Amino acid sequence: MSLPWYHPIGDEMDLFEAAWSERLPVLLQGPTGCGKTRFIEHMAARVQPRHHPGPGVALVTVACHDDLTANDLVGRHLLLNEQTVWTDGPLTRAARGGAICYLDELAEARRDTTVVVHSLTDHRRLLPIEKTGELLQAHPDFLLVASTNPGYQAAFKALKPSTRQRFVEITFGYPPPAQEAAIVAHEAGIEPAWAQALAQVGERLRAMQDGGLGDHVSTRALVHAGQLMRRGIPPRRACAVVLAGVFGDEPDAGAAALDVVDLVFP
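In this convention, every chain numbers its residues from 1, walking through the sequence in written order. A pLDDT threshold of at least 70 governs which residues receive local features in this predicted model, and a stricter bar of 80 or more applies before side-chain atom pairs are shown or counted, although totals over entire chains, interfaces and linings include all residues. The basis for every side-chain value is the complete set of heavy atoms in the structure, and neither hydrogens nor water enter the calculation.

1. Section: the domain arrangement of the protein chain
Using the following cut-off: Domain segmentation is taken from an automatic or database assignment of domains.
Here the protein chain is partitioned into domain 1 (11-171) and domain 2 (177-264). Computed over C-alpha atoms, the centres of domain 1 and domain 2 are 33 Å apart.

Listed below in C-alpha coordinates is the structure:
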(Lines give C-alpha, C1' and ligand atoms only; values in the text may rest on other atoms or scores of the structure.)
Protein backbone atom coordinates (compact mmCIF):
# COMPACT_ATOMS: atom_id res chain seq x y z
CA MET A 1 0.00 0.00 0.00
CA SER A 2 1.53 3.33 -1.06
CA LEU A 3 1.90 6.02 1.59
CA PRO A 4 0.04 9.27 0.75
CA TRP A 5 2.23 12.29 1.41
CA TYR A 6 1.52 14.14 4.66
CA HIS A 7 3.49 16.90 6.40
CA PRO A 8 3.15 16.59 10.22
CA ILE A 9 2.49 19.81 12.14
CA GLY A 10 2.59 18.66 15.77
CA ASP A 11 2.16 15.39 17.63
CA GLU A 12 -0.93 14.29 15.69
CA MET A 13 0.76 11.19 14.23
CA ASP A 14 1.96 10.01 17.65
CA LEU A 15 -1.52 10.55 19.11
CA PHE A 16 -3.20 8.64 16.31
CA GLU A 17 -0.77 5.72 16.49
CA ALA A 18 -1.32 5.46 20.27
CA ALA A 19 -5.09 5.49 19.75
CA TRP A 20 -4.77 2.89 17.00
CA SER A 21 -2.73 0.62 19.28
CA GLU A 22 -5.57 0.72 21.82
CA ARG A 23 -8.27 0.75 19.11
CA LEU A 24 -9.72 3.96 20.56
CA PRO A 25 -12.06 5.91 18.22
CA VAL A 26 -10.62 9.21 17.00
CA LEU A 27 -12.31 12.54 16.23
CA LEU A 28 -10.41 14.93 13.93
CA GLN A 29 -11.44 18.53 14.64
CA GLY A 30 -10.46 21.41 12.39
CA PRO A 31 -11.48 23.94 9.75
CA THR A 32 -12.15 23.06 6.15
CA GLY A 33 -9.15 22.41 3.94
CA CYS A 34 -6.60 22.06 6.77
CA GLY A 35 -5.55 18.49 5.94
CA LYS A 36 -7.81 16.19 8.00
CA THR A 37 -8.67 13.90 5.08
CA ARG A 38 -5.07 13.69 3.87
CA PHE A 39 -4.02 12.87 7.43
CA ILE A 40 -6.37 9.90 7.75
CA GLU A 41 -5.40 8.65 4.28
CA HIS A 42 -1.75 8.76 5.37
CA MET A 43 -2.38 7.07 8.72
CA ALA A 44 -4.54 4.31 7.23
CA ALA A 45 -1.64 3.40 4.95
CA ARG A 46 0.86 3.68 7.80
CA VAL A 47 -0.61 1.80 10.79
CA GLN A 48 0.36 -1.77 11.53
CA PRO A 49 -2.58 -4.22 11.53
CA ARG A 50 -2.68 -7.26 13.77
CA HIS A 51 -3.86 -9.85 11.30
CA HIS A 52 -1.81 -9.48 8.15
CA PRO A 53 1.84 -8.65 7.52
CA GLY A 54 2.99 -5.21 6.44
CA PRO A 55 1.59 -1.77 7.15
CA GLY A 56 -1.76 -0.37 6.09
CA VAL A 57 -5.47 -1.11 6.44
CA ALA A 58 -8.38 -0.32 4.13
CA LEU A 59 -10.05 3.07 4.53
CA VAL A 60 -13.84 3.27 4.12
CA THR A 61 -15.03 6.89 3.85
CA VAL A 62 -18.62 8.08 4.38
CA ALA A 63 -19.60 11.70 3.67
CA CYS A 64 -22.20 12.52 6.34
CA HIS A 65 -25.23 14.68 5.57
CA ASP A 66 -28.76 15.46 6.75
CA ASP A 67 -30.36 12.60 4.82
CA LEU A 68 -27.91 9.91 5.95
CA THR A 69 -29.81 7.20 7.82
CA ALA A 70 -28.70 4.40 10.11
CA ASN A 71 -29.60 1.97 7.32
CA ASP A 72 -27.23 3.80 4.97
CA LEU A 73 -24.42 3.03 7.42
CA VAL A 74 -25.41 -0.44 8.61
CA GLY A 75 -27.07 -1.95 5.51
CA ARG A 76 -30.44 -3.01 4.15
CA HIS A 77 -32.33 -5.79 2.42
CA LEU A 78 -32.30 -5.46 -1.38
CA LEU A 79 -34.24 -7.30 -4.09
CA LEU A 80 -31.77 -9.23 -6.29
CA ASN A 81 -32.83 -11.79 -8.92
CA GLU A 82 -36.29 -11.92 -7.34
CA GLN A 83 -34.75 -12.72 -3.98
CA THR A 84 -34.37 -10.51 -0.95
CA VAL A 85 -30.75 -10.40 0.16
CA TRP A 86 -28.98 -8.53 2.94
CA THR A 87 -26.30 -6.03 1.87
CA ASP A 88 -23.84 -4.62 4.40
CA GLY A 89 -23.47 -0.84 4.56
CA PRO A 90 -20.02 0.82 4.77
CA LEU A 91 -19.88 0.79 8.58
CA THR A 92 -20.72 -2.92 8.71
CA ARG A 93 -18.23 -3.77 5.96
CA ALA A 94 -15.46 -2.00 7.85
CA ALA A 95 -16.39 -3.58 11.19
CA ARG A 96 -16.70 -7.04 9.68
CA GLY A 97 -13.58 -7.01 7.52
CA GLY A 98 -11.20 -4.89 9.60
CA ALA A 99 -10.83 -1.37 8.19
CA ILE A 100 -10.83 2.25 9.30
CA CYS A 101 -14.33 3.71 8.82
CA TYR A 102 -14.01 7.49 8.37
CA LEU A 103 -17.24 9.42 8.97
CA ASP A 104 -16.47 12.77 7.37
CA GLU A 105 -18.30 15.73 8.96
CA LEU A 106 -20.12 13.53 11.46
CA ALA A 107 -22.05 16.47 12.95
CA GLU A 108 -23.85 16.84 9.61
CA ALA A 109 -25.63 13.52 10.21
CA ARG A 110 -28.88 13.33 12.14
CA ARG A 111 -28.52 12.55 15.82
CA ASP A 112 -30.60 9.38 15.54
CA THR A 113 -28.07 8.21 12.93
CA THR A 114 -24.95 8.95 14.96
CA VAL A 115 -26.29 6.91 17.87
CA VAL A 116 -25.72 3.74 15.84
CA VAL A 117 -21.95 4.07 16.39
CA HIS A 118 -22.17 4.13 20.19
CA SER A 119 -21.75 0.41 20.83
CA LEU A 120 -18.77 0.35 18.46
CA THR A 121 -16.97 3.11 20.34
CA ASP A 122 -16.71 1.62 23.80
CA HIS A 123 -15.24 -1.58 25.24
CA ARG A 124 -17.93 -3.72 23.59
CA ARG A 125 -16.98 -2.94 19.96
CA LEU A 126 -20.30 -4.40 18.88
CA LEU A 127 -22.62 -3.46 16.03
CA PRO A 128 -26.21 -4.70 16.46
CA ILE A 129 -27.87 -5.29 13.08
CA GLU A 130 -31.56 -5.16 13.91
CA LYS A 131 -32.80 -6.19 10.47
CA THR A 132 -30.98 -9.55 10.60
CA GLY A 133 -30.73 -10.05 14.34
CA GLU A 134 -26.93 -10.25 14.11
CA LEU A 135 -24.75 -8.86 16.87
CA LEU A 136 -21.50 -8.20 15.02
CA GLN A 137 -18.25 -8.21 16.98
CA ALA A 138 -15.90 -5.75 15.30
CA HIS A 139 -12.76 -7.13 13.65
CA PRO A 140 -9.56 -6.52 15.69
CA ASP A 141 -8.33 -4.16 12.95
CA PHE A 142 -11.51 -2.07 12.86
CA LEU A 143 -11.29 1.57 13.96
CA LEU A 144 -13.89 4.33 13.83
CA VAL A 145 -12.63 7.80 12.90
CA ALA A 146 -14.81 10.89 12.44
CA SER A 147 -14.22 14.53 11.57
CA THR A 148 -15.99 17.77 12.39
CA ASN A 149 -15.52 21.43 11.50
CA PRO A 150 -16.40 23.29 14.73
CA GLY A 151 -16.09 26.76 13.23
CA TYR A 152 -18.66 25.97 10.58
CA GLN A 153 -20.96 23.69 12.54
CA ALA A 154 -20.96 25.30 15.97
CA ALA A 155 -23.66 27.79 15.07
CA PHE A 156 -26.31 25.20 14.38
CA LYS A 157 -24.94 21.70 14.90
CA ALA A 158 -22.81 19.94 17.42
CA LEU A 159 -22.25 16.37 18.44
CA LYS A 160 -24.17 15.09 21.42
CA PRO A 161 -21.91 14.98 24.51
CA SER A 162 -22.66 11.26 24.80
CA THR A 163 -21.24 10.80 21.30
CA ARG A 164 -18.31 13.22 21.50
CA GLN A 165 -16.97 11.81 24.78
CA ARG A 166 -16.40 8.46 23.12
CA PHE A 167 -13.61 9.80 20.90
CA VAL A 168 -9.99 10.79 21.33
CA GLU A 169 -9.98 14.33 19.90
CA ILE A 170 -7.11 15.56 17.73
CA THR A 171 -7.37 19.23 16.83
CA PHE A 172 -6.06 20.64 13.57
CA GLY A 173 -5.52 24.22 12.43
CA TYR A 174 -3.91 25.91 9.46
CA PRO A 175 -0.12 25.35 9.52
CA PRO A 176 2.39 28.08 10.44
CA PRO A 177 3.58 29.95 7.30
CA ALA A 178 6.87 28.07 6.82
CA GLN A 179 5.18 24.68 7.07
CA GLU A 180 2.25 25.79 4.94
CA ALA A 181 4.69 26.95 2.26
CA ALA A 182 6.35 23.52 2.28
CA ILE A 183 2.94 21.86 1.88
CA VAL A 184 1.85 24.18 -0.94
CA ALA A 185 5.18 23.73 -2.77
CA HIS A 186 4.88 19.95 -2.64
CA GLU A 187 1.17 19.65 -3.39
CA ALA A 188 1.06 22.28 -6.15
CA GLY A 189 4.47 21.45 -7.60
CA ILE A 190 5.68 25.06 -7.62
CA GLU A 191 8.89 26.85 -6.73
CA PRO A 192 9.46 27.52 -2.99
CA ALA A 193 9.38 31.30 -3.55
CA TRP A 194 5.88 31.14 -5.00
CA ALA A 195 4.72 28.83 -2.23
CA GLN A 196 6.11 31.17 0.42
CA ALA A 197 4.26 34.07 -1.18
CA LEU A 198 0.99 32.12 -1.24
CA ALA A 199 1.44 31.18 2.42
CA GLN A 200 1.93 34.88 3.13
CA VAL A 201 -1.32 35.66 1.29
CA GLY A 202 -3.07 33.07 3.44
CA GLU A 203 -1.64 34.44 6.66
CA ARG A 204 -2.62 38.04 5.85
CA LEU A 205 -6.13 37.14 4.69
CA ARG A 206 -6.80 35.05 7.78
CA ALA A 207 -5.79 38.02 9.91
CA MET A 208 -8.41 40.09 8.04
CA GLN A 209 -11.00 37.34 8.38
CA ASP A 210 -10.49 37.06 12.12
CA GLY A 211 -12.65 40.20 12.19
CA GLY A 212 -15.57 38.26 10.74
CA LEU A 213 -14.92 38.83 7.04
CA GLY A 214 -15.90 35.68 5.15
CA ASP A 215 -14.47 32.21 5.80
CA HIS A 216 -10.81 31.53 6.47
CA VAL A 217 -8.65 30.80 3.43
CA SER A 218 -7.79 27.11 3.53
CA THR A 219 -4.47 25.47 2.77
CA ARG A 220 -6.33 23.55 0.06
CA ALA A 221 -7.33 26.86 -1.60
CA LEU A 222 -3.70 28.01 -1.60
CA VAL A 223 -2.68 24.70 -3.21
CA HIS A 224 -5.33 25.23 -5.90
CA ALA A 225 -4.00 28.73 -6.59
CA GLY A 226 -0.49 27.27 -6.86
CA GLN A 227 -1.67 24.63 -9.32
CA LEU A 228 -3.15 27.33 -11.56
CA MET A 229 0.08 29.32 -11.33
CA ARG A 230 2.04 26.21 -12.35
CA ARG A 231 -0.16 26.09 -15.46
CA GLY A 232 0.77 29.63 -16.38
CA ILE A 233 -2.07 31.62 -14.80
CA PRO A 234 -0.72 34.94 -13.36
CA PRO A 235 -0.68 34.94 -9.52
CA ARG A 236 -3.24 37.73 -9.15
CA ARG A 237 -5.71 35.98 -11.46
CA ALA A 238 -5.09 32.58 -9.87
CA CYS A 239 -5.73 33.97 -6.39
CA ALA A 240 -8.81 35.90 -7.56
CA VAL A 241 -10.62 32.88 -8.97
CA VAL A 242 -9.70 30.61 -6.08
CA LEU A 243 -10.53 33.11 -3.35
CA ALA A 244 -13.82 34.23 -4.92
CA GLY A 245 -15.78 31.61 -3.00
CA VAL A 246 -14.07 32.45 0.26
CA PHE A 247 -15.42 35.99 0.32
CA GLY A 248 -18.81 35.17 -1.17
CA ASP A 249 -20.69 37.91 -2.99
CA GLU A 250 -19.34 40.81 -0.95
CA PRO A 251 -17.50 43.03 -3.52
CA ASP A 252 -15.66 45.15 -0.94
CA ALA A 253 -14.27 42.05 0.74
CA GLY A 254 -13.14 40.64 -2.58
CA ALA A 255 -11.42 43.90 -3.49
CA ALA A 256 -9.68 44.00 -0.12
CA ALA A 257 -8.43 40.44 -0.66
CA LEU A 258 -6.99 41.37 -4.05
CA ASP A 259 -5.24 44.34 -2.46
CA VAL A 260 -3.49 41.84 -0.18
CA VAL A 261 -2.55 39.70 -3.18
CA ASP A 262 -1.13 42.78 -4.93
CA LEU A 263 1.08 43.52 -1.92
CA VAL A 264 2.53 40.01 -1.93
CA PHE A 265 2.73 39.60 -5.72
CA PRO A 266 3.60 43.18 -6.87
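2. Observations concerning the sheet that holds strand 2 (residues 58-63)
Our working rule: In short, DSSP must find at least two bridges between two strands for them to pair. A helix here means a DSSP run of H or I that spans at least four residues, while a strand means a run of E at least two residues long, and both kinds are numbered starting from the N terminus. Between N-to-C directions, angles cover 0 to 180 degrees, with each direction set by a line fitted to C-alpha atoms, over the stretch in contact for helices. In this analysis, two residues are considered to be in contact whenever any of their non-hydrogen atoms come within 4.5 Å of each other.
The strand order 2-5-8-1-9 describes an open sheet built from five strands, whose pairing is parallel. Edge strands, defined here as strands with exactly one partner in the open sheet, are strand 2 and strand 9 (168-171). Going across the sheet, the axis of each strand differs from the next one's by a mean of 20 degrees, ignoring polarity. As paired elements, strand 5 (residues 99-104) and strand 8 (residues 143-148) share four bridges and run parallel to each other. Pairing of Leu 103 across the sheet is with Ala 146, part of strand 8. Helix 4 (residues 90-97) contacts strand 2, strand 5 and strand 8 of the sheet and is inclined by roughly 155 degrees relative to strand 5.

3. Re the packing of aromatic side chains
Let me state the cut-off plainly: Within 6.5 Å between ring centres, the rings of Phe, Tyr and Trp (the latter by its six-membered ring) count as paired, and their orientation is classed by plane angle as stacked under 30 degrees, edge-to-face over 60, tilted in between. To sort residues, take the accessible area from a 1.4 Å probe on protein chains only and compare it with the maximum for the residue type: under 20% means buried, over 50% means exposed, and anything in between is partly exposed. Lysine and arginine charges are scored as sitting over a ring when NZ or CZ, respectively, is within 6 Å of the ring centre and within 35 degrees of the ring normal.
Enumeration according to the criterion identifies three aromatic pairs in this entry. Consider the rings of Phe 16 and Phe 39, whose centres lie 5.7 Å apart with planes at 90 degrees: the pair is edge-to-face. On the criterion of sequence distance, the pair formed by Phe 16 in helix 1 (residues 12-22) and Phe 39 in helix 2 (residues 36-46) is long-range, its members being 23 residues apart. On the basis of relative accessible area, Phe 16 is assigned to the buried category, the value being 0%. Given the relative accessible area of 0%, Phe 39 is considered buried. Each residue in the set Tyr 6, Phe 16, Phe 39 and Phe 172 is aromatic and connected to the rest through ring pairs, giving one cluster. For Arg 23, the ring lying beneath its charged end belongs to Trp 20, and the centroid distance is 3.7 Å.

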